[in-house]
Amino acid sequence: MYGAHGEILRVDLSAGKISREKIPQDLFDKFLTGAGLATHYLYHEVPKGAEPLGPENELILMTGALTGTTAPSTGRFNWVFKSPLTNIWAQSNSAGFWGVDFKKTGFDGIIFQGVSPKPVYLVITEENAELRDAAHLWGKNVFETTEVIKKELGEEYNVDCIGIAGENLVRYAGIMNDLHRAAGRCGGGAVMGYKKLKAIAVLGGKPVEIANPSAFAEVAKKQFELLDQSLFKVTLETFGTNAVIDLVNVRGGFPTRNWQTCDFPQIEEINAQALSDKVLVAPVGCFACPLKCGRSSQIRKGKFEGDRGEGPEYETVGTLGGQCQVTDMEAITKGHYLCNDYGLDTISMGSTIAFAMECYEKGILTKSDTDGLELEFGNADVAIELIHKTAKREGIGDLLAEGTRRMAQKLDKGSEKFAMQVKGLELPAYDSRAVQITGLAYAVANRGGDHITAYIQGPAFLDIPFLVIPDSRINDVLVADPEDVHVLVELENVMAALDTLGACKFMGFCLDSEEWVKLVEHCFGREYNYDDLARIGERAYNLARVFNVREGITRADDTLPPRLLEEPLPEGPAAGKVNENLPAMLDKYYELRGWDKATGKPTPEKLKELGLEEYIAEIWGQ
């Protein structure tokens, strides 16, 4: 099984037992590895209606088919589970070096089931896998947990773990690896905490077997040469992901004051140049990464002077900065450090703070509810304090730990109109009123309000085409018009395909489809074309939708917060706009997807076409 070892670990935490099992060849042919294969296991092993923070939920890790090869930026891996934040299918993706180090142990994935009676951590090498007592680690955050485990096992081990946010079941707690890399979205850290699984430490040296290694290496070398000439590489290496902030702002799409406006007058205090001037130490990259979009940073002045870490990324600046109207780059950076150490998703954390600030502004929350804190927009000290309280579930933090949808349900008083979430997942920092197609992407994304599922924000906001889509599938006119729904569907499929390969989605900006097809052909030793890869992505995407349909998702859930549908932007380049075209775009989307327009279900015909006919009976009653 080229590109994969063909084996996964199954860890029964309730019984404390570990077993090995083969990946069936037919499943590998359908999904390769990655999130699609993980979703297959999730659907078949987690019963309908299972409580996400309950013993029936599983936490499934899966690497990609190219993870750990010499291809550029192929160090990514996926967690798949039922989300405690959204109550539906969840995928959380991370990079760094941990996924590669795990795959070197000789396994492609892990299925965690059951609940351990006591805190444990898992140690995996090529020779052995064992659960060890983690009582001494419980109550520790990410940085300290990693340090202690490395002292116990050796510095050569790599650690994936949760902080106390996961232990305290914060519904958007993430799983952290390589200290600063996050599988952040959807609350996988809470599932891990519920299972009393503190960490996974890995050490191995088993290489990934390639069918045609010399030809593969030659293509990979050429790709690195192409990437060295890319303007996108220069931009990301110089400014990191925060490079997009001015481009989004100039389109009128940078959410400010919990999306009440997109006019941030102090943008120069928190933009890419400000980050470079105030906190940047050096760019950093993940495994086999030619782009180095990460930021090694240090706070040089103020009350947090001397603190070091990585980040912040664009989404942290957008949520803790723009949405909370905080202009202090040092405080934003400190907030990012705290989220990494506690194990918190910065998008959901910043968005939830912004929502709480608007509730305070409108009198829905008062000082008697907030432990005496004045939750005013722009108050950086309060934002930092709320991160601490949320991770610990102290006082008002216990409410914030539930996420904006549950907060709005509890607070009521019209707050659901400005709870900026879709299907329970808080939105990233791109206002879709400025570019309509991004609203459709939020509405239909399988895991909820998400920008990575299709990454339509790139071509839509930044005017950067995804080279990975060939002209034969999306012609020049369509690429130039990102409001065309064809672009979204195509991007969802190809992004899902990149997930199955373990590839960074930034590669879609830099390498065309022919380059990826050549890699896959030489890796597996058989012919592939772009359509083959896109079909694997489409199959994985539809299976995730089938899981959600089984859990009760319908067309009615493919919508946006009332603010985006009803409240025109009051100022800026997109003034007066709302997401008025969503219903018509949704009809077109369902048509292109082969989904039923009334219910949002994949039709029996589409499921048969994708080789997913086994799911027809359950979701259609046939």
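Above this note sits the structure.
1. Some words on the sheet that holds strand β13 (residues 280–284)
For step 1, the next point in the chain: Spatially, three strands are ordered β13-β14-β15 in an open sheet, and the strand pairing comes out antiparallel. Each having just a single partner strand, β13 and β15 (308–310) make up the two edges of the open sheet. Sheet twist, expressed as the average angle between the axes of neighbouring strands with direction ignored, equals 20°.
For step 2, the next point in the chain: Note that β13 and strand β14 (residues 294–298) share four bridges and pair antiparallel. Bridging across to β14, Val284 finds its partner in Gly294.
For step 3, the next point in the chain: The strands that helix α8 (residues 231–239) touches are β13 and β14; relative to β14, the one it contacts most, it runs at about 20°.
For step 4, the next point in the chain: Along the sheet, helix α12 (residues 329–342) contacts β14 and β15; its crossing angle with β15, the most-contacted strand, is approximately 75°.

2. Quick word on the packing of helix α7 (residues 213–228) against helix α22 (residues 513–524)
For step 1, the next point in the chain: Packing of α7 against α22 brings their axes to within 9 Å, and their N-to-C directions diverge by 155°. One finds that α7 runs roughly antiparallel with respect to α22. In this structure, α7 crosses over α22, and the sense of that crossing is left-handed. Contact residues: Ala215, Phe216, Val219, Ala220, Lys222, Gln223 and Leu226 in α7; Glu515, Trp516, Lys518, Leu519, His522 and Cys523 in α22.
For step 2, the next point in the chain: Classifying every residue of the contact of α7 with α22 gives eight nonpolar, two polar and three charged.

3. A word on the pattern of salt bridges
For step 1, the next point in the chain: Evaluated as defined, the whole model comprises 41 salt bridges.
For step 2, the next point in the chain: Here Asp29 makes a salt bridge to Arg526, at a shortest N to O gap of 3.3 Å. Here Arg526 lies in the loop between α22 and α23 (530–550) and Asp29 lies in helix α1 (residues 25–31), a separation of 497 residues in the sequence.
For step 3, the next point in the chain: When its relative accessible area of 35% is taken as the criterion, Arg526 is described as partly exposed.
For step 4, the next point in the chain: Residues Arg563 and Glu358 are paired through a salt bridge, measuring 2.7 Å at the closest nitrogen-oxygen approach. Of this pair, Arg563 sits in helix α24 (residues 562–566) while Glu358 sits in helix α13 (residues 346–361), placing them 205 residues apart in sequence.

4. Remarks on the environment of Thr559
For step 1, the next point in the chain: Residue position: Thr559 is located in the loop between α23 and α24.
For step 2, the next point in the chain: For the pair formed by Thr559 and Pro583, sequence separation is 24 residues and the distance between their alpha carbons is 8.7 Å.
For step 3, the next point in the chain: Beyond its immediate stretch of four places on either side in the chain, Thr559 contacts Val422, Ala443, Leu565 and Leu582.

5. Comments concerning helix α11 (residues 314–323)
Along an α-helix, a turn takes 3.6 residues, which lines up residues three or four apart on a common side.
For step 1, the next point in the chain: Within α11, ten of the ten residues are buried, which leaves it mostly tucked inside the rest of the structure.
For step 2, the next point in the chain: Among all positions in α11, only Tyr314, Glu315, Thr316, Val317, Gly318, Thr319, Leu320, Gly321, Gly322 and Gln323 are buried.
For step 3, the next point in the chain: Buried residues along α11 sit in contact with α9 (245–250), α12, α13 and α14 (380–392).
For step 4, the next point in the chain: With its phi angle positive at about 60°, Gln325 sits one or two positions after the end of α11.

6. Some remarks on the packing of aromatic side chains
For step 1, the next point in the chain: One pass over the full model with this rule turns up 22 aromatic pairs.
For step 2, the next point in the chain: Look at Phe524 and Tyr528: their rings are 5.7 Å apart centre to centre, the planes differ by 45°, and that puts the pair in the tilted class. Of the two residues examined, Phe524 and Tyr528, each falls in the buried class.
For step 3, the next point in the chain: Ring pairing ties together the aromatic residues Phe254, Phe264, Tyr314, Tyr430 and Phe461, which thus form one cluster.
For step 4, the next point in the chain: Positioned above the aromatic ring of Trp138 is the side chain of Lys198, whose terminal nitrogen or guanidinium carbon lies 5.8 Å from the ring centre.
For step 5, the next point in the chain: Directly above the ring of Trp620 sits Lys601, whose terminal nitrogen or CZ lies 4.7 Å from the centroid.

7. Regarding the sheet that holds strand β7 (residues 120–125)
For step 1, the next point in the chain: Pairing in this open sheet of six strands is mixed, and the strands run β8-β7-β12-β9-β10-β11 from one edge to the other. The sheet terminates laterally at β8 (129–133) and β11 (181–183), the two strands that pair on one side only. Neighbour to neighbour, the strand axes of the sheet diverge by 20° on average, direction disregarded.
For step 2, the next point in the chain: Where β7 meets strand β12 (residues 197–203), six bridges bridge the pair, whose relative direction is parallel. Bridge pairing in β12 places Thr125 opposite Leu203.
For step 3, the next point in the chain: Those strands touched by helix α4 (residues 142–153) are β7, β8, β9 (158–161), β10 (175–177) and β12, and its axis lies near 140° from that of β9.

8. A closer look at the side chain of Ser116
For step 1, the next point in the chain: Structurally, the position occupied by Ser116 is in the loop between β6 (109–113) and β7.
For step 2, the next point in the chain: Within the structure, the side chain of Ser116 is placed 2.5 Å from the backbone oxygen of Lys118, a separation counted as a polar contact.
For step 3, the next point in the chain: In contact with Ser116, other than residues within four places in its own chain, are Leu13, Ser14, Lys195 and Lys196.

9. Regarding the side chain of Ser73
For step 1, the next point in the chain: Of note, Ser73 is situated in the loop between β3 (59–63) and β4 (77–82).
For step 2, the next point in the chain: We classify Ser73 as buried; its relative accessible area is 4%.
For step 3, the next point in the chain: The residues touching Ser73, leaving out its near neighbours within four places in the chain, are Phe287, Ala288, Cys289, Pro290, Gly502, Ala503, Cys504 and Met507.

Rules behind the numbers
Position labels on residues start from 1 in each chain and follow its written sequence. Two thresholds apply to this predicted model, a pLDDT of at least 70 for residue-level local features and 80 or more for giving and counting side-chain atom pairs, whereas whole-chain, interface and lining totals are computed over all residues. Hydrogens and water molecules were not included; the side-chain quantities draw on all heavy atoms of the structure. Any two strands with at least two DSSP bridges between them are considered paired. Numbering of helices and strands starts at the N terminus; helices are DSSP runs of H or I of at least 4 residues and strands are runs of E of at least 2. Whenever a helix is involved, its axis is fitted only over the stretch in contact; in every case the axis is a line through C-alpha atoms, and angles between N-to-C directions fall within 0 to 180 degrees. Between two residues, a contact is recorded if the distance between any of their heavy atoms is within 4.5 Å. Throughout, the term roughly parallel applies to angles under 35 degrees, roughly antiparallel to angles over 145, roughly perpendicular to angles from 65 to 115, and oblique to all others. For any helix crossing, the convention is left-handed if the near helix is rotated counterclockwise from the far helix by under a right angle, and right-handed if that rotation is clockwise. Three classes are used, and their members are as follows: Ala, Val, Leu, Ile, Met, Phe, Trp, Tyr, Cys and Pro are nonpolar, Asp, Glu, Lys and Arg are charged, and the others, Gly among them, are polar. The salt bridge definition used is simple: a Lys or Arg side-chain nitrogen within 4 Å of an Asp or Glu carboxyl oxygen. Note on exposure labels: buried denotes an accessible area under 20% of the residue type's maximum, exposed denotes more than 50%, and partly exposed covers the range between, all computed with a 1.4 Å probe on protein chains only. Only Phe, Tyr and Trp rings take part, Trp by its six-membered ring, and two of them pair if their centres are within 6.5 Å. Stacked means planes under 30 degrees apart, edge-to-face means over 60, and tilted covers everything else. Sitting over a ring, as applied to charges here, requires NZ of Lys or CZ of Arg to be within 6 Å of the ring centre and within 35 degrees of the ring normal. Any pair of nitrogen or oxygen atoms within 3.5 Å is treated as a polar contact; in protein, a donor-acceptor pairing is required on top of that, and neighbouring residues in sequence qualify only through side-chain atoms on both sides.

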